[in-house]
Amino acid sequence: MRIIYVLLMTLATLFVTMPVAAQIGAFGGSEPNIAARLEAESAAPAPGKPLTIAFVMTPKPGWHGYWENPGDAGIGMTVKWTLPSGVTAGPLRHPVPETLIISGLMNYVYEGRYAILVTLNIPATMKPGDLLPIRARGDWLACTREICVPGGGDLSLDLLVGDGNIAPASRAAFDGYRARLPRALGSEARYAIQNGQFRLAIPYPAASPIADAYFFPSKDGALAYASPQKVSRNGDTVIIEAKAAGTSAPATVEGILRTGDHVGFAIRGAPGAVPSAGSQASGSGATAILLALGGALLGGILLNIMPCVFPILSLKALSLAKAGGDPRAARREAVAYALGVVVTCLALGGALLALRAGGASVGWAFQLQDPRIILVLLLLVTAIAFNLAGLFELRAIDAGGALAGRGGIQGSFWTGALVAFVATPCTGPFMGAALGAALVLPLGAALAIFAGLGLGLALPFLAIAFIPAIRARMPKPGPWMKRFQRILSIPMFLTALALAWLLGQQVGTGGMTIGIAAAMATALLLWWLGGRQRAGSGGVWIASVALAVVLAGAIATLPRTGEAREAKTEGNAVAFDEARLAQLRAQGKPVFLYFTADWCLTCKVNENAAIERAEVADAFTKAGVVTMVGDWTNSDPTIGRFLEGQGRSGVPLYLFYPAGKEAQTLPQVLTPSTLTALVN
């Protein structure tokens, strides 16, 4: 079988330059095995500015294309350009590949849709309105596990020089393409060849998780491609061991270290000493999974006392008070509450992973970056607040805001769902690393981490329900609960005000006005429905339709979120910019970088209690520290990618870059002394 496969590959090589029509005709059928098209990030590239274009490749099911180094067999993509005078094309930039073994031969391939990026340099001499025709002849090899067929074609793209504006859809698509490119590691690796073994030492933080690790060499001569790779960790170093390709060591070794699904780092190594192998980093990342799961569980427990949860403690407090009655009922409600929390965390986690798989640069708390979600939450919290205040009673409705104000199993489930939906956006202690790990671990392990977060969040309530000694200390239900319920409406009204303010921060005063008007209309409709129910009349369907109309109308008239807004800065702080950060570090200046969002209460507490204190500002000014702020209130792919690169998926994140040194990750709960100690 190996001989047959090699002969097929050789035959494909001989015919790879044939015209595409002849290739298709020779093998039958008219549909290409790998469809290709050119996309431009900007339809109106600006003079003197680079333009990124993409070869978007879509293999048919069962077919695959090849990485720039195809491995033991195959052919990577080649391109011949025909460009206007002065326009130049950079090298092809390939995404992180996959491994595929066929008949003992290792192939570095792409089995699903992928994009190869190229940067075109547009000369400053071009003027707006000039035609920019882009022509490229691409040749590649398309294979299944049985046959290989040469592919290729002439691709074209006609653009007009303009202002360089990028449409939101194009920005999202290219952010997705870039997310699969290998990132620069920044530190040089070391390798050695001894006794027929290739050994590579890659600097990589011990705290950063690795799942399904693999090293893809970009050139021949380093290791035998089909040789199994043993991956281990020795402190802040990842050790790769495999059979050497020969006895002589190449001058340098380059390639990609895969650290997760379509996630990797570009590696460059020179000959040097390689430490002994450490603890094994298994392909499933068992140790990383257990550590991340433990962090998620502990982070969920601590989230109960984080400021993120304070606005909705009214719902939890009411549930805790009701738990003082029948033990069996308390246990049923506790389980229902826990299910609501866990199911919501799983749903949010699954949606996050699905969006990221589709190319979106989103992170944890993505739901609060959408003003439409904020509007829905505003109406929901408004309904709950008025229900707790006794303005109306909705015993006949089994969904929406009424459920969280009801008793019994349904009420407990929806209470848990709302707690998880609103409370989890802020990242508390231990959560940051755990959720960051979930983004690179296999799907099952990632979902287990999200479920662990939910279980930790629900654990105190479960303990009260299932431990008699704790439950015995709870007050018994009685008439006082009615008054208590009225009191608990106050923090819910405050939450509604906070959501209205957040809506204004995201889409302006007009959006906040629409949200408040919709909340008032919702309250009036529910008041009317409650009155009819007390009188023994119907009206549920009328109210439901009316509420749907109010919600749809509010969403339709809500202003669109524009480009990611510039960070609001205090004092001498500057807005986050990766190029500016690199420039400051190159100049030897210390930098305090923090990421925040208006919907993150933990962030705001830290800012008011520590970051914006006068003593901190004085200490930073005296030491020449530049403060840089990344505002993630609205979705910003640039910030999303940077957070992911730090192993995080949400805010807050606090980094301090001492002059000439790498970043220090600070705790997620800050004090003035924590910050002043950085420069003293």
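Attention now moves to the overall build of the protein chain. What the protein chain contains, in helices and strands, is 19 helices and 24 strands. At a minimum sequence separation of 6, the contacts of the protein chain that also span at least 24 residues come to 76%. Total accessible area on the protein chain is roughly 29400 Å²; 61% of this is exposed by carbon and sulfur atoms.

As a further point, take the sheet that holds strand E1 (residues 34-40). The strand order E1-E2-E8-E5 describes an open sheet built from four strands, whose pairing is antiparallel. This sheet does not close on itself; its edge strands, each paired only once, are E1 and strand E5 (88-89). Here strand E2 (residues 50-59) pairs with strand E8 (residues 114-121) via eight bridges, running antiparallel. Bridge pairing in E8 places Val56 opposite Ala115. In the packing of helix H3 (residues 168-179) onto the sheet, contacts are made with E1, E2 and E8, and the angle to E2 comes to roughly 70°.

Between the first and last C-alpha of H3 there are 16 Å, a value that for 12 residues agrees with the 16 Å anticipated at 1.5 Å per step. Of all the positions in H3, only Phe174, Asp175, Gly176 and Tyr177 are classed as buried.

Looking now at the packing of aromatic side chains. To describe a pair of aromatic rings, you give the distance between the ring centres and the angle between the ring planes. Counted by the stated rule, this structure contains 19 aromatic pairs. Seen from their ring centres, Trp67 and Tyr108 are 6.0 Å apart, and the 65° between their planes marks the pair as edge-to-face. With Trp67 in strand E3 (residues 65-71) and Tyr108 in strand E7 (residues 105-110), this pair connects stretches of sequence that are 41 residues apart. For Trp67, a relative accessible area of 1% gives the class buried. A centroid spacing of 5.1 Å and a plane angle of 65° characterise the contact between Phe576 and Phe642, whose relative ring orientation is edge-to-face. Placement of Phe576 in the loop between strand E20 (574-575) and helix H15 (578-586) and of Phe642 in helix H18 (residues 637-645) is noted, with a sequence separation of 66 residues between them. Take Phe642: its relative accessible area is 8%, and that puts it in the buried class. A network of ring pairs unites the aromatic residues Trp67, Tyr108, Tyr214, Phe216 and Tyr225 as a single cluster. Lying across the ring of Phe265, Arg183 places its NZ or CZ 5.8 Å from the centre.

What follows covers the nonpolar core. Core analysis: the biggest nonpolar cluster contains 58 residues, and Phe55, Leu132, Ile134, Phe198 and Ile202 have the highest contact counts within it. For this core, the element with the highest residue contribution is strand E9 (residues 131-143), accounting for five residues. Once you skip the residues sitting within four places of it in the chain, Ile202 turns out to touch Leu185, Ala189, Asp236, Thr237, Val238, Ile240, Leu257 and Ile267. Membership of the second largest hydrophobic core comes to 41 residues, among which are Val381, Leu503, Ala518 and Trp599.

Strand pairing in a sheet relies on backbone hydrogen bonds, with the paired strands running either antiparallel or parallel. The strand order across the open sheet formed by five strands is E20-E22-E21-E23-E24, and the pairing between neighbours is mixed. Single-partner strands in this sheet number two, and they are E20 and strand E24 (664-665). Of the strands in this sheet, strand E21 (591-596), strand E22 (626-631) and strand E23 (653-657) touch H15, which is tilted by about 165° from E22.

Right, let's talk about a nonpolar patch on the surface for a bit. Where nonpolar side chains cluster on the molecular surface, the patch consists of Val335, Leu339, Val343, Phe466, Ile467 and Ile470 and spans about 480 Å² of accessible area. Summarising the element assignment, Val335 is placed in helix H6 (residues 327-357). Classification of Val335 as partly exposed rests on a relative accessible area of 37%.

Quick look at the pairing of E2 now. Taking burial as the measure, the 10 residues of E2 include eight buried ones, the bulk of the element. Alignment of E1 against E2, held across seven bridges, turns out to be antiparallel. Bridged to Ile34 within E2 is Pro59.

All right, on to helix H7 (residues 371-388) then. Helix length check: H7, at 18 residues, gives a terminal C-alpha distance of 25 Å against a target of 26 Å (1.5 Å per residue), a fit within 8%. With 13 of 18 residues buried, H7 is to be regarded as a mostly interior element. One or two residues past the end of H7 sits Gly390, with phi positive at roughly 85°.

Within the element layout of this structure, Glu98 appears in strand E6 (residues 98-102). Buried charge without a salt bridge: Glu98, with Arg180 as the nearest opposite-charge side chain at an N-O distance of 5.9 Å. Beyond its immediate sequence surroundings of up to four residues, Glu98 is in contact with Asn107, Tyr108, Val109, Tyr110, Glu111, Gly112, Phe216, Arg258 and His262.

What is expected of a backbone is that most residues other than glycine have negative phi and most peptide bonds are trans. Backbone geometry at Ser103 places phi at a positive 55°, although glycine is not the residue there. Structurally, Ser103 is set in the loop between E6 and E7. With a phi close to 50°, Asn195 is a non-glycine residue in the positive phi region. Assignment of secondary structure puts Asn195 in the loop between strand E12 (189-194) and strand E13 (197-203).

The next point concerns the environment of Cys143. With respect to the secondary-structure elements, Cys143 resides in strand E9. Judged by its relative accessible area of 0%, Cys143 is buried. Distance from Cys143 to Val109, taken between C-alpha atoms, is 9.6 Å for residues 34 residues apart in sequence.

One pass over the full model with this rule turns up 11 salt bridges. Glu39 is paired through a salt bridge with Arg37; the nearest N and O atoms lie 2.5 Å apart. We note a salt bridge from Lys604 to Glu607, for which the minimum N-O separation is 3.3 Å. Residue Lys604 and its partner Glu607 are located together in helix H16 (residues 601-611), separated by three residues, close to a single helical turn. A residue is classified by how much of its surface remains accessible, and Lys604, at 22% relative accessible area, is partly exposed. Residue classification places Glu607 among the buried residues on the basis of a relative accessible area of 6%.

As a further point, take the environment of Leu551. With respect to the helices and strands, the residue Leu551 is situated in helix H14 (residues 540-557). Exposure remark for Leu551: the relative accessible area of 27% places this residue in the partly exposed category. Placed 175 residues apart in sequence, Leu551 and Val376 show a C-alpha to C-alpha distance of 7.5 Å.

Model confidence for the protein chain is summarised by a mean pLDDT of 79, while 78% of its residues fall at 70 or above. The low-confidence segment residues 1-29, where pLDDT is below 50, has 46 contacts with residues more than four positions distant or belonging to other chains. In the predicted structure, residues 562-567 sits below a pLDDT of 50 and forms 14 contacts with residues beyond four places in sequence or in another chain.

Tracing the sequence through the fold places Val550 in helix H14. Of the residues examined, Val550 reaches a relative accessible area of 21% and is grouped as partly exposed. In this structure the C-alpha to C-alpha distance between Val550 and Leu379, which are 171 residues apart in sequence, comes to 9.9 Å.

Conventions and cut-offs
- Residues numbered from 1 in each chain as written.
- Predicted model: local features only at pLDDT ≥ 70, side-chain atom pairs only at ≥ 80, totals over all residues.
- Heavy atoms only, no water.
- Helix = DSSP H or I, 4+ residues; strand = E, 2+ residues; numbered from the N terminus.
- Contact = heavy atoms within 4.5 Å.
- Areas by Shrake-Rupley, 256 points an atom, 1.4 Å probe, with all protein chains shown as cover.
- Pairing = 2+ DSSP bridges.
- Axes fitted to C-alpha atoms, helices over the stretch in contact; angles between N-to-C directions.
- Expected span 1.5 Å × (residues − 1).
- Buried < 20%, exposed > 50% of the residue type's maximum accessible area, 1.4 Å probe, protein only.
- Phe/Tyr/Trp six-rings, centres within 6.5 Å; stacked < 30°, edge-to-face > 60°.
- Lys NZ or Arg CZ within 6 Å of the ring centre and 35° of its normal.
- Core = buried A, V, L, I, M, F, W, Y, C linked by side-chain atoms within 4.5 Å.
- Patch = residues over 30% accessible without salt bridge, like charges linked within 9 Å, V, L, I, M, F, W, Y side chains within 5 Å.
- Salt bridge = Lys/Arg side-chain N within 4 Å of Asp/Glu carboxyl O.
- Lys, Arg positive; Asp, Glu negative; His and termini not counted.
- pLDDT = per-residue confidence, 0-100.

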